[in-house]
There are 2 protein chains.
Amino acid sequence: MARPPTSRDLARLAGVSQATVSRVLTNNPKVNPETRARVLQVLKDANYTPNALARAMKTGRTDTIGVFMTRVTSPFHAELLDEIGRVLSSVGLHMILWNIEHDPEETIADVLHQRLVDGFLLTSATYDSKLHTMALASGTPTVLLHRGIDDLDCDQVVGDNWQGAYDAGRYLVEAGHTDIGLVTLTHTGNTSRDRDLGFRAALTDAGVKIKPSNVVSVGVPHADGHAAARKLLSKRKPPTAIYTVTDLLAFGILDGARAIGAKVPDDVWLIGFDNTELASWESFDLTSVEQPVHAIVQTGIDLLRKRIAEPDRPTEIISLPCPLVIRGSTANTPWAS
Amino acid sequence: MARPPTSRDLARLAGVSQATVSRVLTNNPKVNPETRARVLQVLKDANYTPNALARAMKTGRTDTIGVFMTRVTSPFHAELLDEIGRVLSSVGLHMILWNIEHDPEETIADVLHQRLVDGFLLTSATYDSKLHTMALASGTPTVLLHRGIDDLDCDQVVGDNWQGAYDAGRYLVEAGHTDIGLVTLTHTGNTSRDRDLGFRAALTDAGVKIKPSNVVSVGVPHADGHAAARKLLSKRKPPTAIYTVTDLLAFGILDGARAIGAKVPDDVWLIGFDNTELASWESFDLTSVEQPVHAIVQTGIDLLRKRIAEPDRPTEIISLPCPLVIRGSTANTPWAS
């Protein structure tokens, strides 16, 4: 294919400076009419396509969506990002990705006010962050995906984490477990909170108490699951089942169990949350509550496009079911089939 | 924080249409001088920051880098993407991410000509793709990261995959293995090619022949490694060691070995390539050749910034060492210490 002309080439052809070409492209009145006519003729002869910036200035649209995300190296977030990219591409939209781990909140404030994008997708809303408030205040159409904020007047598409967690708890109780471990995260967002509270509710409803010593509160990484497993499984009377709030922690728990010679599911059952692709690998063969990534992303991007087209439409908050997917880390029971 | 004014608010304040505000912002000569003055005063009173698009039109810079990537759900690519985001943020640059799996090549051609970005980072250059040729032809500064194209006149930062693979082969031979399996990919890029050829060269140099029946050519996914392991390890005389060209395939091989009851490293040694974070998890405990992600990304982004500042500087092609990281999937030997 032929190399398309740059503004430098066009300037040379028209016998003017690059700055003059820019001024013509932006309709700057400082260009004299004769020069303007000559430059426009050169642009026309060269089949010059006005660039995306010039078009965006004209239409007010960039066809680009800003995605705020965190921890793309976590298997679940990588799947979420992949799906967002796939769905945006399928409707002709580009993605600007901001990793809010790496960008301090002040620079994000700048970003929000620059109007680089037609809309925002926030995948990591937390109660202690001002990001969602800032996004809404910027006036740019915004949808919360995966993580929601209760009662926030903003379009949101989330999994029903509470119900998924409840089903996991009910499954363990119905299989006869009464001594159950819970490896949980500090509740910075609705996902970790509901995945904790829904599980506890199922046990309470069934009259099963969780011993305080069976609850371990940890950080996000694999290593934290590892340490929690060693702690729970070296008790004199270790729990017979462990539930945790992410697959990544479950992988760490499985590795921690291996490290001290405990067998899953023979010695201890294990349930994660997210149902990432890795959960289906033999190395893990993990029973997990599914986060319906495809449906969340598809629904969320549909909502965002509607919001862009019709800024004053009523807010929608959509919650999608999170089914329990049973694998080898919990033995099969009649309940499961 | 106060909601910043939109062009709609400003239009209302100035008593003009939104289109008129846009025309003032783009210096369109159709606005009469009195109206222009009134709008400019309103903008000034509102502390209105000209938006990124307007600034980009003026400076010709978008402070945004276009990243072309594939398979973000593969653990290695997720780490690469995370590092690119981290380093771009640290120097005040944004990232537009295109997943070339999802975007057909025709739409990428449009993207290249839209000048949305100041530069491109290509992480998935392959010999059969026209992407790198198109990127260079677009006149936009471009750096190939991780995957290179031999003799292409373009800045490139790659790992020395050939030497890394050679060291892995030498390590197996020096540990006494003579019956060695190779699980390899079709060579669409320099990474898979050099990871294959370097390994074969080490065995040839040591006088060790690879049986044709010990070479399995597969696709990218975990499941393909799984199938390859079952094929190699159900031979009457299975290989005593397997080397493969990515960690993802190695994880599949390990799972395939588990599925048929073969133990790593007791029955068979296993070496992967990339040294992803997962390789260090107990579930895998995988010996792997390291792809120096941090150094590749840092060096590549430095080169891209230099190229943007000085388009005519000489091309640089930089190759960084890929050290062998020894773990439990290969028993330790004196050579390793």
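Further up the page is the structure itself.
Note that this is a predicted model, so its numbers are computed, not measured.

A. View of the overall build of chain A. Within chain A, the secondary structure is distributed over twelve helices and twelve strands. Of all 337 residues assigned to chain A, the portion counted as buried reaches 58%. Here the analysis covers contacts within chain A between residues at least 6 apart in sequence; of these, 70% occur between residues at least 24 apart. Put simply, chain A shows about 14,000 Å² of open surface, and 51% of that area lies on carbon and sulfur atoms.

B. Spatial organisation of the packing of helix H10 (residues 222–233) of chain A against helix H11 (residues 247–259) of chain A. All names here are of chain A. Two elements in contact, H10 and H11, have axes separated by 6 Å at closest approach and are oriented at 50°. In terms of their interaxial angle, H10 and H11 are classed as oblique. Of the two elements, H10 crosses H11, and the hand of that crossing is right-handed. On H11, the residues touching His-222, Asp-224, Gly-225, His-226, Ala-229, Arg-230 and Leu-233 of H10 are Leu-248, Leu-249, Phe-251, Gly-252, Ile-253, Asp-255, Gly-256, Ala-257 and Ala-259. Residues of the contact of H10 with H11, tallied by class, amount to eight nonpolar, five polar and three charged.

C. The arrangement of the sheet that holds strand S9 (residues 269–274) of chain B in detail. Residues and elements named next belong to chain B. Read across the sheet, six strands follow the order S7-S6-S8-S9-S10-S12 without closing on themselves; strand pairing throughout is mixed. The sheet terminates laterally at strand S7 (215–218) and strand S12 (324–325), the two strands that pair on one side only. Pairing of strand S6 (residues 180–185) with S7 involves four bridges; the strand directions are parallel. Paired with Thr-184 across the strands is Ser-217, a residue of S7. Along the sheet, helix H10 (residues 222–233) makes contact with S6, S7 and strand S8 (241–244), crossing S7 at roughly 160°.

D. Spatial organisation of the pattern of salt bridges. All names here are of chain A. In total, this model carries 22 salt bridges over all chains according to the counting rule given. Between Arg-195 and Asp-274 there is a salt bridge, and its shortest N-O distance comes to 3.2 Å. Of this pair, Arg-195 sits in helix H9 (residues 190–205) while Asp-274 sits in strand S9 (residues 269–274), and the two are 79 residues apart along the sequence. Among the residues examined, Arg-195 registers a relative accessible area of 3% and is labelled buried. We classify Asp-274 as buried; its relative accessible area is 5%.

E. Local environment of the packing of aromatic side chains. Inspection of the entire model under this criterion finds 19 aromatic pairs over all chains. For the ring pair B:Phe68 and B:Phe120, a centre distance of 5.4 Å and an interplane angle of 45° mean the geometry is tilted. Here B:Phe68, found in strand S1 (residues 64–69), pairs with B:Phe120, found in strand S3 (residues 119–122); they are 52 residues apart in sequence, far enough to count as distant. When its relative accessible area of 1% is taken as the criterion, B:Phe120 is described as buried. Ring geometry for B:Tyr171 and B:Trp269: centres 5.9 Å apart, planes at 35°, overall tilted. Linking B:Tyr171 in helix H8 (residues 161–174) with B:Trp269 in strand S9, this pair joins segments that are 98 residues apart in sequence. Residue B:Tyr171 shares its accessibility class with B:Trp269, and that shared class is buried. Put simply, the rings of A:Phe251, A:Trp281, A:Phe284, B:Phe251, B:Trp281 and B:Phe284 touch in pairs and so form one group of aromatic residues.

F. Looking closely at the nonpolar core. Counting 92 residues, the largest nonpolar core has A:Tyr243 and B:Tyr243 as the members making the most contacts within it. For B:Tyr243, the contacting residues outside a window of four places in its chain are B:Ala165, B:Ala168, B:Leu172, B:Gly181, B:Leu182, B:Val183, B:Arg195, B:Phe199, B:Ile271 and B:Phe273. If you look at the next biggest cluster of nonpolar residues, it comprises 50 residues, including A:Val67, A:Leu80, A:Leu81 and A:Leu93.

G. Layout of unusual backbone geometry. A:Pro265 follows A:Val264 through a cis peptide bond whose omega is 5°. Within the element layout of this structure, A:Pro265 appears in the loop between H11 and S9. The backbone phi angle of B:Asp151 is positive, close to 65°, even though this residue is not glycine. Summarising the element assignment, B:Asp151 is placed in the loop between strand S4 (142–146) and strand S5 (155–159). On the accessibility criterion, B:Asp151 (78% relative accessible area) is exposed. The residue B:Asp274 is not glycine, and still its phi comes out positive at about 135°.

H. Spatial organisation of H10(B). Residues and elements named next belong to chain B. Under the 1.5 Å per step criterion, the end-to-end length of H10 is 17 Å for twelve residues, consistent within 8% with the ideal 16 Å. Taken together, the buried positions of H10 are His-222, Gly-225, His-226, Ala-228, Ala-229, Leu-232 and Leu-233. The arc that holds every buried residue of H10, seen down its axis, measures 165°, which confines them to one face. The inward-facing, buried residues of H10 abut S6, S7, S8 and helix H11 (247–259).

I. Geometry of the sheet that holds strand S6 (residues 180–185) of chain A. All names here are of chain A. Within the open sheet, the six strands sit side by side as S7-S6-S8-S9-S10-S12. Their pairing is mixed. Each edge of the open sheet carries a strand with a single partner, namely strand S7 (215–218) and strand S12 (324–325). Sheet contacts for H9: S6, S7, strand S8 (241–244) and S9; angle to S6, the most-contacted strand, approximately 160°. H10 rests against S6, S7 and S8 of the sheet, and its axis sits at about 160° to S7.

J. Expanded view of the packing of helix H5 (residues 75–90) of chain A against helix H12 (residues 293–309) of chain A. Residues and elements named next belong to chain A. Axis separation between H5 and H12 bottoms out at 9 Å; the angle between their running directions is 45°. When the axis of H5 is compared with that of H12, the two are oblique. Where H5 crosses over H12, the handedness of that crossing is right-handed. Along its contact with H5, which presents Phe-76, Glu-79, Leu-80, Glu-83, Ile-84, Arg-86, Val-87 and Leu-88, the element H12 presents Val-293, His-294, Val-297, Gln-298 and Ile-301. A class-by-class count of the residues in the contact of H5 with H12 yields eight nonpolar, two polar and three charged.

K. Molecular detail of the environment of A:Ser138. Residues and elements named next belong to chain A. Mapped onto the elements, Ser-138 comes out in the loop between helix H7 (131–137) and strand S4 (142–146). Along the primary structure Ser-138 and Leu-112 are separated by 26 residues, whereas in three dimensions their C-alpha atoms are 6.1 Å apart. At 2.6 Å, the side chain of Ser-138 forms a polar contact with the backbone oxygen of Ala-135.

L. Just the environment of A:Ala11, in detail. Residues and elements named next belong to chain A. Relative to the helices and strands, Ala-11 resides in helix H1 (residues 7–14). For the pair Ala-11 and Leu-43, spaced 32 residues apart in the sequence, the C-alpha separation amounts to 9.6 Å. If we skip the residues at most four places from it in the chain, Ala-11 touches Val-16, Ser-17, Gln-18 and Val-21.

M. Representation of the side chain of A:His132 within the structure. Residues and elements named next belong to chain A. Looking at the element boundaries, His-132 is found in helix H7. Since its relative accessible area comes to 7%, His-132 is described here as buried. In this view, His-132 contacts Leu-122, Ala-125, Thr-126, Leu-144, Ile-149 and Leu-152; residues no more than four positions away in its chain are not counted.

N. Structural context of the side chain of A:Ser283. Summarising the element assignment, A:Ser283 is placed in the loop between S9 and strand S10 (287–290). Among the polar contacts listed, one links the side chain of A:Ser283 to the side chain of B:Asp255, at a separation of 2.3 Å. Of the polar contacts made by the side chain of A:Ser283, one reaches the side chain of B:Arg258; its length is 2.6 Å.

Rules used throughout
Residues numbered from 1 in each chain as written. Chains lettered and ligands numbered in written order. Predicted model: local features only at pLDDT ≥ 70, side-chain atom pairs only at ≥ 80, totals over all residues. Heavy atoms only, no water. Helix = DSSP H or I, 4+ residues; strand = E, 2+ residues; numbered from the N terminus. Buried < 20%, exposed > 50% of the residue type's maximum accessible area, 1.4 Å probe, protein only. Contact = heavy atoms within 4.5 Å. Areas by Shrake-Rupley, 256 points an atom, 1.4 Å probe, with all protein chains shown as cover. Axes fitted to C-alpha atoms, helices over the stretch in contact; angles between N-to-C directions. Parallel < 35°, antiparallel > 145°, perpendicular 65-115°, else oblique. Left-handed = near helix turned anticlockwise from the far one by under 90°. Nonpolar A, V, L, I, M, F, W, Y, C, P; charged D, E, K, R; others polar. Pairing = 2+ DSSP bridges. Salt bridge = Lys/Arg side-chain N within 4 Å of Asp/Glu carboxyl O. Phe/Tyr/Trp six-rings, centres within 6.5 Å; stacked < 30°, edge-to-face > 60°. Core = buried A, V, L, I, M, F, W, Y, C linked by side-chain atoms within 4.5 Å. Expected span 1.5 Å × (residues − 1). Arc of directions from axis to C-beta. Polar contact = N/O pair within 3.5 Å; in protein donor to acceptor, adjacent residues only side chain to side chain.

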